[in-house]
Amino acid sequence: MARTVFCQYLNKEAEGLEFQLIPGELGKRVFDNISKEAFGLWQKKQTMLINEHKLNMMNAEHRKMLEENMVKFLFEGEEIHIEGYKPPEE
């Protein structure tokens, strides 16, 4: 049976991540409070940020910037602006 969490991003019970994807305290916070669906949404934003800013994951400052944006997106409900991206209209 799938593990469920109360997802802080979606504000509902949802299927949780299968394992902790990020090390440390932040990783535990994500694992305990963010659903698989919400983390997938973040991964799409993260990919766009990496591409837009030409981030290098070997650079500690770039990783820190992504981490800060992840917290804003998943836990603070802040929309992450991607320059030039317009979401599809529904």
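Cut-offs applied
- Residues numbered from 1 in each chain as written.
- Predicted model: local features only at pLDDT ≥ 70, side-chain atom pairs only at ≥ 80, totals over all residues.
- Heavy atoms only, no water.
- Helix = DSSP H or I, 4+ residues; strand = E, 2+ residues; numbered from the N terminus.
- Buried < 20%, exposed > 50% of the residue type's maximum accessible area, 1.4 Å probe, protein only.
- Pairing = 2+ DSSP bridges.
- Phe/Tyr/Trp six-rings, centres within 6.5 Å; stacked < 30°, edge-to-face > 60°.
- Lys NZ or Arg CZ within 6 Å of the ring centre and 35° of its normal.
- Core = buried A, V, L, I, M, F, W, Y, C linked by side-chain atoms within 4.5 Å.
- Contact = heavy atoms within 4.5 Å.
- 1 Å grid on protein atoms, 1.4 Å probe; cavity = no way out; pocket = protein on both sides within 12 Å on 5 of 7 lines; lining within 4 Å.
- Points joined across faces, edges and corners; volume = space filled by probe spheres on them.
- Nonpolar A, V, L, I, M, F, W, Y, C, P; charged D, E, K, R; others polar.

1. Some points on the overall build of the protein chain
The helix and strand tally for the protein chain stands at 3 helices and 2 strands. Each helix and strand of the protein chain, placed in order from N terminus to C terminus, yields the pattern β-β-α-α-α. Projecting the C-alpha coordinates of the protein chain onto the three principal axes gives extents of approximately 40 × 35 × 20 Å. Per-residue burial over the protein chain gives 30% buried out of 90 residues.

2. Digging into the pairing of strand β2 (residues 12-15)
One ladder, built from 4 bridges, connects strand β1 (residues 4-7) with β2; its direction is antiparallel. If you follow F6 over to β2, its bridge partner there is E13. What sits between β1 and β2 in their antiparallel hairpin is a turn of 4 residues, with N11 showing a positive phi close to 60°.

3. Examining the packing of aromatic side chains
Across all of its chains, the model carries 2 aromatic pairs by this definition. Between W42 and F73 the ring centres are 5.8 Å apart and the planes differ by 40°, which places this aromatic pair in the tilted class. In this pair, W42 sits in helix α2 (residues 36-53) while F73 sits in helix α3 (residues 60-75), placing the two residues 31 residues apart along the sequence. For the residue pair W42 and F73, the accessibility class agrees, reading buried in each case. Taken together, the aromatic side chains of Y9, W42 and F73 make up a single cluster linked through ring pairs. Over the ring of F31 we find R3, and its NZ or CZ is 3.6 Å from the ring centre. Over the ring of F75 we find R29; its NZ or CZ atom is 3.7 Å from the centre of that ring.

4. Side note on the nonpolar core
In globular proteins that are soluble, nonpolar side chains generally tend to be buried together. Core analysis: the biggest nonpolar cluster contains 20 residues, and V30, I34, F39, W42, M70, L74 and F75 have the highest contact counts within it. Of all the secondary-structure elements, those providing two or more residues to this core are α1 (24-33), α2 and α3. Of the residues forming this core, the biggest block, 6 residues, is contributed by α3. The residues touching I34, leaving out its near neighbours within four places in the chain, are V5, C7, Q8, Y9, G16, L17, R29, F39, L74 and F75.

5. Description of the layout of surface pockets
Roughly 310 Å³ of internal volume is contained in the largest pocket. Lining the largest pocket are 15 residues; nearest its centre among them are I22, Q46, R63, E67 and M70. Contributions of two or more residues to the lining of the largest pocket are made by α1, α2 and α3. Partitioned by chemical class, the residues of the lining of the largest pocket number 9 nonpolar, 3 polar and 3 charged.

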